[in-house]
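Commentary on secondary and tertiary structure
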Amino acid sequence: MKRVRSIDPAMPFILLLLLTAGCVGAAEDPHPAAWPAEVERVWVGPDYFANRLADWKIDDGRLVCVEAAQRFPLRTVFLLTHSLRPGHDSFSMTVRTGPVEADRTPSAESFTGKPAEDGGLLAVIDGSGAVAFRSNSTDIRVGNQWAVSGGVDDGTIPLLAGGPDGSGVFEGGFSEPVVLELTGEAVDGGYEMRLTARDEASGEVLSEARYTDVAGEYLDGGIALVSHLGPTGSPYGYWFEAWEVSGRKVERHDDRRFGPVLATQYTLSEGILNLTAQMPPLGLDDTGAVTLEIRRGGRGSWSVADEAEWVDDSYIAPFRVEDWDASRDTPFRVLYDLKSGPNQYTSFIYEGVIRAEPDEGEFVVAAFTGHKNYTGGLKWNSQGYWFPHRDVIDAVTWHDPDFLFFSGDQVYEGDLTPAIRNPADKAILDYLYKWYRWCWGFRDLTRDRPTVTIPDDHDVYHGNIWGAGGRKAEASQGMTAQDSGGYVMPPRFVNVVHQTQTSHLPDPYDPTPSGQGISVYYTDVQYGGVSFAVLGDRQWKSSPTVAVPAGRFVNGWPQAPGFDPVTGADVTGAVLLGDRQLRFLSEWSADWKNATWMKVVLSQTVFANVATIPAEASSGAVLPSTPILEEGVHPDGWKKATDGDSNGWPQSGRNRAVREIRRGFAVHIAGDQHLGSTIRYGVDEWGDAGYALCVPSVGNTWPRRWFPPEP
């Protein structure tokens, strides 16, 4: 399509968004959207996905954009249950809309963009009151505040038809409610698009735009509502009511609904079932109770096994059932009645299976780490989306594992959108927004097999973390807060991460919180004759910057000239697991109860550093710019890395942990390091301890290299 002109960057707009995305589904089925009256909640419903979670809410029958900040443009709510199918058919859409703060004047804030590979069509009304069609082949970026972008080009969103030079511009700008009507008429192999804004009260046409010869590729895929910026000085964007989508080109996908039960995770250990249902941010007037039902023997009637109240902030519903019969598969379902209007509730059911505990033969564990959703357009990596990781899910399902382990970085704080770090309530919503993508991607695995999930540094919004027993991380004496040790995010936030990811584990060995009241989760799981020790191996770990000042460590890497970390970094007082976890590991290693035939340690990262960097480098920061070599090529001049982020440091704490693992003849499974590797541990000499498996990342954009200087 030819670019006619560029959008005036001074005008905010609201729009219907049609994105290209392959889809399959059922026949024509219209969508009349009516958000429930007398309901206020952040989560906008199972038929939609809001980007970002913190930017939208429903409020007494309206969908409202509560974020108009310049650094977060193009806030979207996608319709999950309907899409535009391939084929030459017509469709139409209508929606009522207006600014949340109608007494404000149109905004003069600007935005920038650059051409992108993917196309799409924007049908908009801008702040002047003019309707227009614009190209969505632009990534929006303001400074360094937008993650889904490769940079800034000319700062324009191409105008395709209509706009400020079209008909019916509102006098004084767009402030009163309007009805937007969009039609796509199939004509001669293409489409004729018409967009009209009508006065809500009188039905008078206020502005109209027509766009002819539209290629069908622009009208195949997802449908969304978008609010971009807002009136001058307003923190809010625009509201929507009565969104209707209809026509032969529309197809329905009820199976794409997401919520109100977003996912479940469970463990079964020593006859106790712990199952957590992840709920979305519900409202104060929503039903508090969530019900777990089971069907004994896989047949017959359903019976209530437990009831739980969803928990504020984390929105989990934790269930516990004792005296569990693990000899057979047991279907379960989670029931929730969602408020859908005044004194009205809609029932939802989420189903899964608690598997029979294996008692003989092969025991298969599937382990995962690092679930980034977007490659970010880095120079050494192609742009693209990995979410929802279907290739991984399908491959793992084929292997039909008995047990799942997610070792951390289920969430990357800057993935897709920049992290919100304060205030705490919005930071929690930002985390949940990203955590829900993990739930969406992996719930088909976790709904029918036991799962251990533990958080790592990025889950709690760190690049690297040295938990230092839970202290508050604060910048001081030339150190960053992260390097000072402890947690940058407040305990309320960290505990939400722990609740969402670990509340389905058995009770902690010692539930006493660490510093600042941060919860702990280290425990053991006895399942299928295998005893799993679950560690929080960074929660008490010292910061090398603090523990080894002579090394001048920055982000885990020694920077002092001539400093030898092999001999100089293993200092008195440096902690790895801490006394509490070492006591637990010692008792667990010696305990072979319940016919245990195998022991496995599960933790965030391995107790070694299997990585190399160029000889002249002082950290791994150079790795993204190192060339990707042809297969079989081995560069000269590389050295073994000494990164304090790995659990090869501190050496004495590492050796104490490995000795305890060795006492239990245990295999160690971990992730974090991105470098898939099988390691033979040693303490006094090479190979005098057990094996460790570090799994490669599901999706990650930080490279590691293995080019050892000797065989």
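Residues numbered from 1 in each chain as written. Predicted model: local features only at pLDDT ≥ 70, side-chain atom pairs only at ≥ 80, totals over all residues. Heavy atoms only, no water.

**Some details on helix α6 (residues 578-590)**
Its 13 residues give α6 an end-to-end C-alpha distance of 19 Å, which sits within 8% of 18 Å, the value for a rise of 1.5 Å per residue. Every buried residue of α6 is listed here: G578, R580, Q581, L582, F584, L585, W588 and S589. Residues of α6 that are buried sit in contact with β31 (523-527), β32 (530-534), β35 (598-605) and α7 (651-663). (Helix = DSSP H or I, 4+ residues; strand = E, 2+ residues; numbered from the N terminus. Expected span 1.5 Å × (residues − 1). Buried < 20%, exposed > 50% of the residue type's maximum accessible area, 1.4 Å probe, protein only. Contact = heavy atoms within 4.5 Å.)

**Side note on the packing of α6 against α7**
Between two packed helices, the angle of one axis relative to the other and the distance separating the axes together describe the packing. In contact at an axis separation of 8 Å, α6 and α7 are set at 20° when each is read in the N-to-C sense. Between α6 and α7, the interaxial angle falls into the category roughly parallel. For the pair α6 and α7, the sense of crossing is left-handed. Of α7, the residues touching α6 (which contributes L582, L585, S586, S589 and A590) are R656, A657, E660, I661 and R663. Grouping the constituent residues of the contact of α6 with α7 by class yields five nonpolar, two polar and three charged. (Axes fitted to C-alpha atoms, helices over the stretch in contact; angles between N-to-C directions. Parallel < 35°, antiparallel > 145°, perpendicular 65-115°, else oblique. Left-handed = near helix turned anticlockwise from the far one by under 90°. Nonpolar A, V, L, I, M, F, W, Y, C, P; charged D, E, K, R; others polar.)

**As for the pairing of strand β21 (residues 263-269)**
In terms of residue burial, β21 counts as a mostly covered element, since seven of its seven residues are buried. In β21, alternate side chains face the same way, and those of A263, Q265, T267 and S269 on one face and T264, Y266 and L268 on the other are all buried. Between the end of β21 and the start of strand β22 (residues 272-278), which pair antiparallel, lie two residues, with E270 showing a positive phi angle near 50°. (Pairing = 2+ DSSP bridges.)

**Observations regarding the sheet that holds strand β40 (residues 691-694)**
What the six strands build is an open sheet, ordered β31-β32-β35-β38-β40-β39; its pairing is mixed. Strand pairing shows two members of the sheet lacking a second neighbour, β31 and β39 (677-680), which therefore form its edges. Across the sheet, the mean angle separating the axes of adjacent strands is 20° when strand polarity is ignored. Note that β32 and β35 share five bridges and pair parallel. Across the sheet, residue V534 finds its bridge partner in β35, namely L602. Each of β31, β32 and β35 is contacted by α6, which is oriented at about 175° to β32, the strand it contacts most.

**Regarding the pairing of strand β7 (residues 62-65)**
Bridge count for strand β6 (residues 56-59) against β7 is four bridges, and the pairing is antiparallel. Opposite W56, over in β7, you have C65 as the bridge partner. Here β6 hands over to β7 after two residues, with D60 in that stretch at a positive phi of 50°. As judged from the two bridges shared by β7 and strand β19 (residues 238-246), these two strands associate in the antiparallel manner. Opposite V64, over in β19, you have W239 as the bridge partner.

**Notes on the pattern of salt bridges**
Across all of its chains, the model carries 39 salt bridges by this definition. In this structure, the salt-bridge partner of D672 is R538, at a minimum N-O distance of 2.7 Å. Pair noted here: D672 is in the loop between β38 (667-671) and β39 and R538 is in the loop between β32 and α4 (544-547), with a separation of 134 residues, a long-range link. Beyond isolated ion pairs, a larger network of salt bridges with shared partners links D47, R252, D254 and R257. (Salt bridge = Lys/Arg side-chain N within 4 Å of Asp/Glu carboxyl O.)

**Looking at the side chain of R704**
Structurally, R704 can be placed in the segment after β40. Only 3.2 Å separates the side chain of R704 from the side chain of H674, close enough to count as a polar contact. Not counting residues up to four positions away in its chain, the partners in contact with R704 are L623, D645, D672, Q673, H674 and L675. (Polar contact = N/O pair within 3.5 Å; in protein donor to acceptor, adjacent residues only side chain to side chain.)

**Notes on the side chain of H458**
Relative to the helices and strands, H458 is located in the loop between β30 (451-453) and α3 (491-502). Those residues in contact with H458 that sit more than four places away from it in its chain are D409, V411, Y412, E413 and G463.

**Remarks on the sheet that holds strand β23 (residues 289-294)**
Pairing is antiparallel across the open sheet formed by four strands, whose spatial order is β24-β23-β26-β27. Where the open sheet ends on each side, the last strands, each with one partner, are β24 (303-309) and β27 (344-354). Neighbouring strand axes in the sheet, compared pairwise and without regard to direction, differ in orientation by 25° on average. Alignment of strand β26 (residues 330-341) against β27, held across 11 bridges, turns out to be antiparallel. Paired with T330 across the bridge in β27 is I354.

**What about unusual backbone geometry?**
Cis geometry marks the peptide bond from F387 to P388; its omega dihedral reads 10°. Within the secondary structure, P388 sits in the loop between β28 (365-368) and α1 (390-399). Cis rather than trans, the peptide bond between N422 and P423 has omega equal to -5°. Its location among the elements puts P423 in the loop between β29 (403-406) and α2 (424-446).

**Here we look at the environment of S340**
With respect to the element layout, S340 can be found in strand β26. For the pair S340 and W35, spaced 305 residues apart in sequence, the C-alpha separation works out to 8.0 Å. S340 has contacts with P36, Y345 and T346, leaving out every residue within four places of it along the chain. Side chain to side chain, S340 and T346 meet in a polar contact 3.1 Å long.

**Focus on the packing of α1 against α2**
Across the interface, α1 lies against α2 with an axial gap of 10 Å and an inter-helix angle of 5°. With respect to each other, α1 and α2 are oriented roughly parallel. Along its contact with α1, which presents R390, I393, V396 and T397, the element α2 presents G441, F442, D444 and L445. Residue composition of the contact of α1 with α2, by class: four nonpolar, two polar and two charged.

**What about the confidence of the model for the chain?**
Summary statistics for the chain give a mean pLDDT of 87 and a share of 86% for residues scoring 70 or more. Contacts for the low-pLDDT stretch residues 106-118, under 50 throughout, to residues beyond four places or in other chains number 60 contacts. In the predicted structure, residues 377-382 sits below a pLDDT of 50 and forms 12 contacts with residues beyond four places in sequence or in another chain. (pLDDT = per-residue confidence, 0-100.)

**Brief notes about the environment of D430**
Note on placement: D430 falls in helix α2. The spatial distance from the C-alpha of D430 to the C-alpha of A419 is 6.8 Å, given a sequence separation of 11 residues. Those residues in contact with D430 that sit more than four places away from it in its chain are R52, E413, T417, P418, A419, I420 and Y461. One polar contact links D430 to K434, side chain to side chain, over a distance of 3.1 Å. At 2.7 Å, the side chain of D430 forms a polar contact with the side chain of Y461.

**Considerations on the packing of aromatic side chains**
For the structure shown, the criterion picks out 31 aromatic pairs. On the numbers, 5.8 Å between centres and 55° between planes, the contact of Y522 with F584 is tilted. Of this pair, Y522 sits in the loop between α3 and β31 while F584 sits in helix α6, and the two are 62 residues apart along the sequence. Taken as a pair, Y522 and F584 share a single burial class, namely buried. On the numbers, 6.0 Å between centres and 80° between planes, the contact of F553 with F563 is edge-to-face. Remark: F563 occurs in the loop between β34 (557-558) and α5 (565-568) and F553 occurs in strand β33 (residues 553-554); sequence separation between them is 10 residues. Across this residue pair, the class does not change: F553 and F563 are buried. Grouped by ring-pair contacts, the aromatic residues F368, F406, Y431, W435, W438, F442, Y461 and F493 constitute a single cluster. (Phe/Tyr/Trp six-rings, centres within 6.5 Å; stacked < 30°, edge-to-face > 60°.)

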